[in-house]
Amino acid sequence: MASHLQKSWRLSLFCSLMVLLGMVRLSTGYATTHFKPSRWNSAHATFYGDDSASETMGGACGYGNLFNNGYGTNTAALSTVLFNNGYGCGSCYQIMCVGSKWCNKGRYGHGSTSITVTATNLCPPNWSQDSNAGGWCNPPRVHFDLSMPAFKQLAFWKAGIVPVQYRRVPCARKGGIRFSFQGNNYWLLASIMNVGGGGDIARIWVKGTRTGWISMSHNWGASYQAFSQLGGQCLSFKIQSYSTRETIVAYDVVPAYWSVGMTYQARVNFR
Ligand SMILES: *[C@@H]1O[C@H](CO)[C@@H](O)[C@H](O)[C@H]1NC(C)=O
């Protein structure tokens, strides 16, 4: 018993030292990404929910409360083609209203206002509506269903739907990549949030103090899972960007006493 206690004490000390070393080694905290904005393309935008944007919380990407998790109200639900089975989660788009009398004018009354939104949800198809009359999110349409506060920055809300120009842009995020934990000691389900650069995720690996790198499988949205005994170990994560395939390693993101229901922040991010 005594030796067991001593061992776990040693382990936790080792982990803290690793955390300290990590802080020194990763003093900048950012990995430069080579993500480049895409060309401008045409689509349409609508909105869902109301001014409170409460309906945008708990979307299909698994980000939960968007205010607590850094996304705010400048968010979009993507049509199926852009959502890309969850690999579109976290990506950022610059959107401009063009060619409608409902578009807000830009500064000094010239051009159009543009906004940058993060994809946090899926706009599901509705096959009982025509793709050109209500079924805006039906494949193969490219469509943005914005939060109401985001839509109102672009156009008069009474328009309902407006034509837009859009392009993918890098995501500028504050702080490190975040990991929200669910599951148990034998099944870790992590929702990955606040990813900078491309904002999206291709693959994730987790490493406990007593394991090698374990590839996590895609669960849904931006959630990944590992069926491994990871309880009582410090965890590190390796994240590969979907759009650039660049990887970043976040060492010792969580202490050995991590628990489900908690959100942990790495000291690193793409920028
Ligand atoms: C799909 O469209 C029909 C017809 O407009 C509507 O009654 C129904 O509520 C829609 N379904 C969803 C899930 O929005």
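Scoring rules and cut-offs
Residues numbered from 1 in each chain as written. Predicted model: local features only at pLDDT ≥ 70, side-chain atom pairs only at ≥ 80, totals over all residues. Heavy atoms only, no water. UniProt positions renumbered as here; feature names shortened; annotations may be inferred. Phe/Tyr/Trp six-rings, centres within 6.5 Å; stacked < 30°, edge-to-face > 60°. Buried < 20%, exposed > 50% of the residue type's maximum accessible area, 1.4 Å probe, protein only. Lys NZ or Arg CZ within 6 Å of the ring centre and 35° of its normal. 1 Å grid on protein atoms, 1.4 Å probe; cavity = no way out; pocket = protein on both sides within 12 Å on 5 of 7 lines; lining within 4 Å. Points joined across faces, edges and corners; volume = space filled by probe spheres on them. Domains from an automatic or database assignment. Disulfide = S-S within 2.5 Å. Helix = DSSP H or I, 4+ residues; strand = E, 2+ residues; numbered from the N terminus. Near = heavy atom within 4 Å. Polar contact = N/O pair within 3.5 Å; in protein donor to acceptor, adjacent residues only side chain to side chain. Pairing = 2+ DSSP bridges. Axes fitted to C-alpha atoms, helices over the stretch in contact; angles between N-to-C directions. Patch = residues over 30% accessible without salt bridge, like charges linked within 9 Å, V, L, I, M, F, W, Y side chains within 5 Å. Areas by Shrake-Rupley, 256 points an atom, 1.4 Å probe, with all protein chains shown as cover. Salt bridge = Lys/Arg side-chain N within 4 Å of Asp/Glu carboxyl O.

If you look the chain up in an unreviewed UniProt entry, it shows as Expansin from Spinacia oleracea. According to the UniProt record, the Sequence similarities (unreviewed entry) comment for the chain is "Belongs to the expansin family. Expansin A subfamily." Of the chain, the UniProt comment under Function (unreviewed entry) reads exactly: "Causes loosening and extension of plant cell walls by disrupting non-covalent bonding between cellulose microfibrils and matrix glucans. No enzymatic activity has been found."

(A) Main features of the packing of aromatic side chains. Here the structure, examined in full by the defined rule, presents 13 aromatic pairs. For the ring pair Tyr63 and Tyr71, a centre distance of 4.6 Å and an interplane angle of 25° mean the geometry is stacked. Across the pair, exposure class does not vary: Tyr63 and Tyr71 are buried alike. An aromatic cluster is built from Phe179, Phe181, Phe237, Trp258 and Tyr264, whose rings are joined through pairwise contacts. For Lys238, the ring lying beneath its charged end belongs to Trp205, and the centroid distance is 4.9 Å. It is Lys238 that lies over the ring of Trp213; its NZ or CZ is 5.1 Å from the centre.

(B) Representation of empty space enclosed by the protein in the model. For the structure on display, the rule yields one cavity of 30 Å³ or more. As a volume, the largest cavity reaches approximately 50 Å³. Forming the walls of the largest cavity are Tyr63, Gly86, Tyr87, Cys89, Ile192, Gly199, Asp200, Ile201, His218, Gly221, Ala222 and Tyr224. Composition of the lining of the largest cavity by domain shows at least three residues from each of domain 1 (17-33 + 174-265) and domain 2 (41-169).

(C) Looking closely at the state of the cysteines. Summed over all chains, the structure comprises four disulfides. Linked covalently through their sulfurs, Cys97 and Cys103 form a disulfide whose S-S length is 2.0 Å. Residues Cys97 and Cys103 share a disulfide whose torsion about the S-S bond is about -75°; that sign makes it left-handed. Accessibility classification places Cys97 together with Cys103 in one group, the buried group. Paired by a disulfide, Cys123 and Cys137 hold their sulfur atoms 1.9 Å apart. Across the S-S bond of Cys123 and Cys137 the torsion is about 90°, and the bridge reads as right-handed. With Cys123 in strand β5 (residues 114-123) and Cys137 in the loop between β5 and β6 (143-147), this pair connects stretches of sequence that are 14 residues apart.

(D) Expanded view of the site of the ligand. Surrounding the ligand, one finds Asn126, Ser128 and Gln129. In the model, an oxygen atom of the ligand is placed 3.1 Å from a nitrogen or oxygen of the Ser128 side chain. Between Gln129 and the ligand, the recorded distance is 2.9 Å, taken from a side-chain N or O atom to an oxygen atom.

(E) Here's a closer look at the sheet that holds strand β7 (residues 162-169). The mixed closed barrel is built from six strands, whose spatial order is β2-β6-β3-β5-β4-β7. Each adjacent strand pair in this sheet contributes to an overall mean axis angle of 45°, direction not counted. Pairing between strand β2 (residues 41-48) and β6: five bridges, direction parallel. Residue pairing across strands places Phe47 opposite Leu146, the latter belonging to β6.

(F) Highlighting the sheet that holds strand β9 (residues 187-193). The eight strands lie next to each other as β14-β13-β10-β11-β12-β9-β8-β15, forming an open sheet whose pairing is antiparallel. Either end of the sheet is taken by a strand with one partner, and the two such strands are β14 (247-254) and β15 (263-265). For this sheet the average axis-to-axis angle between neighbouring strands, irrespective of direction, equals 30°. Direction of pairing for strand β10 (residues 203-208) relative to strand β13 (residues 235-240): antiparallel, over a ladder of six bridges. Paired with Arg203 across the bridge in β13 is Gln240.

(G) Structural detail: a nonpolar patch on the surface. Where nonpolar side chains cluster on the molecular surface, the patch consists of Trp102, Phe156 and Trp157 and spans about 290 Å² of accessible area. Topologically, Phe156 is positioned in the loop between α3 (148-154) and β7. Phe156 gets classed as partly exposed once you look at its relative accessible area, which sits at 38%.

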